[in-house]
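What the coordinates show
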2 protein chains.
Amino acid sequence: MAIRRIEVRERVMEKNDEIAALVRGRLADHGVTAFNLVSSPGAGKTALLERTLARLGGELAIAVVAGDVQTENDALRISRVTDRLVQAVVTGGACHLDARQVSVALDALDLDVTDLLFIENVGNLVCPASWDLGERAKITLFAVTEGEDKPLKYPKMFEKSSHVVFTKTDLLPYVPFDLDQAVANALTVNPALETFATSALTGAGLEPWYQFLHASVLGVPVSP
Amino acid sequence: MAIRRIEVRERVMEKNDEIAALVRGRLADHGVTAFNLVSSPGAGKTALLERTLARLGGELAIAVVAGDVQTENDALRISRVTDRLVQAVVTGGACHLDARQVSVALDALDLDVTDLLFIENVGNLVCPASWDLGERAKITLFAVTEGEDKPLKYPKMFEKSSHVVFTKTDLLPYVPFDLDQAVANALTVNPALETFATSALTGAGLEPWYQFLHASVLGVPVSP
């Protein structure tokens, strides 16, 4: 039975990868840059998106697909800071988004007038690492409240990501967290990772993040 | 193919439940009280266990099975505060422990001289909710850094738990977190939940937790 399980899983993953390739092609045809945001629950994906939409929403046409196990809370929060359509996906128990859900969500968005797409995945450091959604890159958020050893304990997510955004740095004075050690642990798992250190509460450290997004879409830095 | 997936999953879950029943019987035969600790990554399961072993380890014979996706870091940390064997389980990618892993881990522990068993699950608010490990109860840790709406977004874990231990309450002055609202959200999902508000860093709020554990094992409060 173990073998049968693996076969079924492989077929499901193959089908997902096929759909992800179609999503990737569709986004490329429309010139849309897509990032898949992953993290532990409560690391601050929605808060980072609220800030980012408020800062860059005037210059870039940003769309969001917000995934959750239950509720559309995150999509509602994001809708308050943008006039654009925010598409909610409820996985109904699954611990990750899959490419088919993203594909369906894209049908509701006007890709012709979209520059940048954020896919806010389910809060989970394990499952989403295995699922290609057609994104350009996965970006892992890592709250400074979580402990420096997260990259060593959940290596696949950090291996699969291009960037790590440390969040809640305003709490660094109050938590036993060594940011340099956490960065070193992340680089041990994936030496190509680039990192940002941010606080969505105070705004500290967000400018380099905005620059990165702007350059990813337009190839030039954000205007001051 | 969707139907085949569901069939295979049901058979896997049935098999898990059978093994969990055997584990539960084995623990009962030896008079062992077992709790399955679940939470987001970095919510402080290991820190709570370190404190608890230091405080209660002299009065109760406490064993720990520590599960992780990769590394035995948590088991090593806990080993430093107890002379008893701490059994590490590496799931190798899986987002939860299963009953078979716990059953194998128990073979390495001397149940005859064990009063209380903690099973430290993988840091994940989705997957572990579906897997019975033969425990008396699941206990969810909920860090005050995570946001009040976690019970609404991950309801199954809170439905399946008997207790919620709020952690990192020392950070309450620095985070936008309404503890009363979080408790209310948890009770909306599961009105039978009992809660503790704790800080493993300062020790605040831990006495009621120790009392609960002591009474769970011996039926009487802990000695002062």
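As shown above, the structure is provided for reference.
Thresholds applied
Residues numbered from 1 in each chain as written. Chains lettered and ligands numbered in written order. Predicted model: local features only at pLDDT ≥ 70, side-chain atom pairs only at ≥ 80, totals over all residues. Heavy atoms only, no water. Helix = DSSP H or I, 4+ residues; strand = E, 2+ residues; numbered from the N terminus. Rg over C-alpha atoms; globule rule 2.2 N^0.38 Å. Buried < 20%, exposed > 50% of the residue type's maximum accessible area, 1.4 Å probe, protein only. Contact = heavy atoms within 4.5 Å. Areas by Shrake-Rupley, 256 points an atom, 1.4 Å probe, with all protein chains shown as cover. Buried area = accessible area lost by both parts, 1.4 Å probe. Salt bridge = Lys/Arg side-chain N within 4 Å of Asp/Glu carboxyl O. Lys, Arg positive; Asp, Glu negative; His and termini not counted. Pairing = 2+ DSSP bridges. Axes fitted to C-alpha atoms, helices over the stretch in contact; angles between N-to-C directions. Least-squares fit on C-alpha atoms with pLDDT ≥ 70 in both. Disulfide = S-S within 2.5 Å.

**Quick notes on the overall build of chain A**
Along chain A, the regular secondary structure elements total 8 helices and 7 strands. The globule rule puts the C-alpha radius of gyration for 224 residues at 17 Å, and the 17 Å found for chain A is close to it. Projected onto its principal axes, the C-alpha positions of chain A cover 50 × 40 × 35 Å. Across the 224 residues of chain A, 55% fall into the buried class. If you take every contact in chain A between residues at least 6 apart in sequence, the share linking residues at least 24 apart comes to 74%. Total accessible area on chain A is roughly 9,000 Å²; 52% of this is exposed by carbon and sulfur atoms.

**Quick look at the interface of chain A and chain B**
Counting from both sides, the interface comprises 40 residues of chain A and, opposite them, 40 residues of chain B. Both faces considered, chain A and chain B share a buried interface measuring about 3,300 Å² in area, 61% of it formed by carbon and sulfur atoms. Our count for the chain A to chain B interface comes out at 4 salt bridges. A salt bridge links B:Lys153 to A:Asp74, with the shortest nitrogen-to-oxygen separation between them at 2.8 Å.

**Comments concerning the side chain of A:Glu146**
Inspection of the secondary structure assignment puts A:Glu146 in the loop between β5 (137-143) and α5 (150-153). Despite its burial, A:Glu146 remains without a salt bridge, the nearest opposite charge being carried by A:Lys150 at 5.7 Å. Not counting the four nearest positions on each side in its chain, A:Glu146 is found in contact with A:Ser40, A:Ala43, A:Leu125, B:Pro41, B:Gly42 and B:Lys168.

**Some words on unusual backbone geometry**
With a phi close to 60°, A:Lys168 is a non-glycine residue in the positive phi region. Secondary-structure assignment places A:Lys168 in the loop between β6 (161-167) and α7 (179-189).

**Points about the sheet that holds strand β1 (residues 33-38) of chain B**
As a general point, the strands of a sheet are linked pairwise by backbone hydrogen bonds and lie either parallel or antiparallel. Residues and elements named next belong to chain B. Overall, parallel pairing links the 7 strands, which are arranged β3-β2-β4-β1-β5-β6-β7 in an open sheet. Edge strands, defined here as strands with exactly one partner in the open sheet, are β3 (86-90) and β7 (194-197). Here the average twist between neighbouring strands, direction ignored, is 20°. As judged from the 4 bridges shared by β1 and strand β5 (residues 137-143), these two strands associate in the parallel manner. Each bridged residue has a counterpart across the sheet, and for Leu37 the counterpart in β5 is Ile139.

**What about the pairing of strand β4 (residues 116-120) of chain A?**
Residue and element names in this part refer to chain A. Of all 5 residues in β4, 5 are buried, a share of seventy percent or more. Here strand β1 (residues 33-38) runs beside β4; their pairing, made up of 5 bridges, is parallel. From the neighbouring strand, Asn36 faces β4, where its bridge partner is Ile119. In the sheet, strand β2 (residues 62-68) pairs with β4 via 5 bridges, with the strands oriented parallel.

**A word on the relation of the copies chain A and chain B**
In screw terms, the move from chain A to chain B is a rotation of 180° and a rise of 0.0 Å along the axis, fitting with an RMSD of 0.0 Å. A rotation of that kind, with that shift, is consistent with a two-fold axis. Taken as a fraction of all interface residues of chain A, those also at the interface in chain B reach 100%, which identifies the copy contact as same-surface.

**Here's the deal with the state of the cysteines**
Residues and elements named next belong to chain A. Under the definition given, this model contains 2 disulfides over all chains. The side chain of Cys95 participates in a disulfide bridge whose partner is Cys127; the two sulfur atoms lie 2.3 Å from each other. Judged by the torsion about the S-S bond (-100°), the Cys95/Cys127 disulfide is left-handed. Of this pair, Cys95 sits in the loop between β3 (86-90) and α4 (99-107) while Cys127 sits in the loop between β4 and β5, and the two are 32 residues apart along the sequence. For the pair shown, Cys95 and Cys127 are each scored as buried.

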